[in-house]
Amino acid sequence: MRKIVVLSMITLDGVMQAPGAPKEDTSGGFKYGGWTATYGDEMYGKVVQEELSQPADYLLGRKTFEIWAAYWPEHGDFWPRINEGAKYVFSKGMKKSDPRVTGWKNSVVVKTLSDIKKLKASKGPDIQVWGSSELIQLLLKNDLVDELRLKIHPLTLGKGKKLFGNGAVAAAFTLTESMVTTKGVIITHYKRDGKVKTGTVGV
């Protein structure tokens, strides 16, 4: 069985929309695209490079897939694995014959939650999820996320697509690694750790 690993850059209020560039995703009138631009440093860059070099396949929502399919085939020198690894786009409406799918090698359409479960149960490398807020919320709701790799940036945006929505299943995670960059970004790695435990706090 493969692990599903969510990698996300988020704000303090959980916004994950368009971290990389002003025009990356302006849906909903979002005006803060590229909000991570001033938070890079040597530590941040090293962590990102390590993540990009990990053997993986990729599960993406339709919007993220469309953005990436228009960019990464021509910029593979920076992230070779994204072109070589299998890309699974979760979309009920996109067809296997869509030029965006056929034009980016190793791309496959998956249409149902059952398809994702079958993919997770198959053999192969871990499955990374980048971007794809609605897809991530679906995975969290159905307890299919094994790891969270989050970069929490010291700002709030007030609006935008968020990592966590209503309906995530109750789940416990263990912090296995954390660091704070010189720009105040908290980089964390959480692994799924059974059920939520409750009790009475002593005083």
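Above this note sits the structure.
Residues numbered from 1 in each chain as written. Predicted model: local features only at pLDDT ≥ 70, side-chain atom pairs only at ≥ 80, totals over all residues. Heavy atoms only, no water.

(A) Region of interest: the nonpolar core. Membership of the largest hydrophobic core comes to 30 residues, with the highest contact counts inside it found for Phe65, Trp68, Trp79, Ile82, Trp104 and Trp130. Elements supplying a minimum of two residues to this core: strand S1 (4-11), helix H1 (42-53), strand S2 (57-61) and helix H2 (62-69). Residue contributions to this core peak at 4 residues, all from H1. Setting aside chain neighbours within four positions, we find tryptophan 68 in contact with Leu60, Pro73, Trp79, Ile82, Trp104 and Trp130. With 23 residues, the next largest nonpolar core counts Val6, Ile116, Leu139 and Leu148 among its residues. (Core = buried A, V, L, I, M, F, W, Y, C linked by side-chain atoms within 4.5 Å. Buried < 20%, exposed > 50% of the residue type's maximum accessible area, 1.4 Å probe, protein only. Helix = DSSP H or I, 4+ residues; strand = E, 2+ residues; numbered from the N terminus. Contact = heavy atoms within 4.5 Å.)

(B) Layout of the pairing of S1. In terms of burial, S1 is largely enclosed, as 7 of its 8 residues are buried. Examined bridge by bridge, S1 and strand S5 (residues 127-130) share 4 bridges and lie parallel to one another. Bridge pairing in S5 links leucine 7 to tryptophan 130. Sheet topology places S1 next to strand S6 (residues 147-153); 7 bridges connect them, and they run parallel. (Pairing = 2+ DSSP bridges.)

(C) Just the side chain of histidine 153, in detail. Mapping histidine 153 onto the fold places it in strand S6. One polar contact links the side chain of histidine 153 to the main-chain carbonyl oxygen of lysine 151, over a distance of 2.9 Å. Once residues within four sequence positions are removed from consideration, histidine 153 is found in contact with Met9, Ile10, Thr11, Leu12, Trp35, Thr36, Tyr39, Tyr44 and Val185. (Polar contact = N/O pair within 3.5 Å; in protein donor to acceptor, adjacent residues only side chain to side chain.)

(D) How the structure looks around the layout of surface pockets. If you add up the space inside the largest pocket, you get close to 1,300 Å³. Around the largest pocket, the lining is made up of 41 residues, and of these Pro19, Glu24, Thr64, Trp68 and Gly131 lie nearest the centre. Elements represented by at least two residues in the lining of the largest pocket include exactly S1, H1, H2 and helix H6 (133-141). For the lining of the largest pocket, the residue count by class is 20 nonpolar, 14 polar and 7 charged. (1 Å grid on protein atoms, 1.4 Å probe; cavity = no way out; pocket = protein on both sides within 12 Å on 5 of 7 lines; lining within 4 Å. Points joined across faces, edges and corners; volume = space filled by probe spheres on them. Nonpolar A, V, L, I, M, F, W, Y, C, P; charged D, E, K, R; others polar.)

(E) Seen up close, the sheet that holds S1. Overall, mixed pairing links the 8 strands, which are arranged S4-S3-S2-S5-S1-S6-S8-S7 in an open sheet. One side of each edge strand has no neighbouring strand; the edge strands of this open sheet are strand S4 (107-110) and strand S7 (173-180). Each strand of the sheet is rotated relative to its neighbour by a mean of 20°, with strand direction disregarded. Here strand S3 (residues 87-90) runs beside S4; their pairing, made up of 4 bridges, is parallel. Bridge pairing in S4 links lysine 87 to serine 107. Contacts from H2 reach S2, S3, S4 and S5, with the element oriented near 115° to S2. Against the sheet, helix H5 (residues 113-121) touches S1, S2, S3, S4 and S5, its axis set at about 155° to S3. (Axes fitted to C-alpha atoms, helices over the stretch in contact; angles between N-to-C directions.)

(F) Seen up close, H1. Here H1 is 12 residues long and its end C-alpha atoms lie 17 Å apart, about the 16 Å a rise of 1.5 Å per residue gives. When H1 is considered as a whole, its buried residues turn out to be Tyr44, Val47, Val48, Glu51 and Leu52. When H1 is viewed along its axis, its buried side chains cluster within an angular range of 135° and face the same direction. Away from its buried face, by an angle of more than 90 degrees, H1 presents the exposed residues Glu42 and Lys46. In this structure, the buried side of H1 is in contact with S1, helix H3 (80-84), S5, S6, S7 and strand S8 (186-192). Capping the start of H1 is the job of one residue whose side-chain oxygen sits 3.2 Å from the backbone nitrogen of methionine 43: aspartate 41. (Expected span 1.5 Å × (residues − 1). Arc of directions from axis to C-beta.)

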